[in-house]
Amino acid sequence: LFWHQPHYTNQGGRPGTAVLDGRWKLIEWAEGGTELFDLDADPGESNDLSAKQPDVVADLRESLGRWKKSVRAQEMEPNPKFDAALHRKLYVDFD
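Numbering of residues starts from 1 in every chain and runs along the sequence as written. Selection of residues for local features in this predicted model requires a pLDDT of at least 70, selection of side-chain atom pairs for listing and counting requires 80 or more, and totals for whole chains, interfaces and linings are taken over all residues. Excluded from the side-chain calculation are hydrogens and water; included are all heavy atoms of the structure.

What to know about the pattern of salt bridges
Logical step 1: Just to be clear on terms, a salt bridge is a Lys or Arg side-chain nitrogen sitting within 4 Å of an Asp or Glu carboxyl oxygen. Following the criterion strictly, the structure yields 9 salt bridges and no others.
Logical step 2: For aspartate 40, the salt bridge identified is with arginine 23, shortest N-O distance 4.0 Å. With aspartate 40 in the loop between strand 4 (34-38) and helix 1 (54-71) and arginine 23 in the loop between strand 2 (16-21) and strand 3 (24-29), this pair connects stretches of sequence that are 17 residues apart.
Logical step 3: Of the residues examined, arginine 23 reaches a relative accessible area of 36% and is grouped as partly exposed.
Logical step 4: Here lysine 25 ties to glutamate 45 by a salt bridge, and the two come within 2.8 Å at their closest N and O atoms. With lysine 25 in strand 3 and glutamate 45 in the loop between strand 4 and helix 1, the pair connects residues that are 20 residues apart, well separated along the chain.
Logical step 5: One network of salt bridges, in which partners are shared, links Glu28, Arg61, Lys68 and Glu75. Numbering of helices and strands starts at the N terminus; helices are DSSP runs of H or I of at least 4 residues and strands are runs of E of at least 2. Here's how the labels work: a residue is buried when its accessible area is under 20% of the maximum for its type, exposed when over 50%, partly exposed in between, all with a 1.4 Å probe on protein chains only.

Spelled out as structure tokens, the structure:
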């Protein structure tokens with residue numbers, strides 16, 4: 001099972017892509033970083049195993065890459081009209 005969210009959400013979600021393969025769930029964050037969870041042993045996803053299971057990470061990242069290419073998944077791009085002051089007013093100061 002693959003899923004892809006190439007944008008931020010108004011509920012605080014961050015962009016990323018994930019794959020669920022058997023007991024393993026890999027999350028690849030668009031801003032950088034990867035997390036790996038063994039859902040059989042850790043259904044609450046509290047113990048990131050990415051540093052301890054580099055071979056699993058490599059295999060799942062390769063699988064994610066092939067899937068994203070096959071579905072032509074949209075990737076993030078910088079917004080040339082980004083207004084830092086407006087962002088702060090709407091999303092930082094507002095909260």
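On we go from here.
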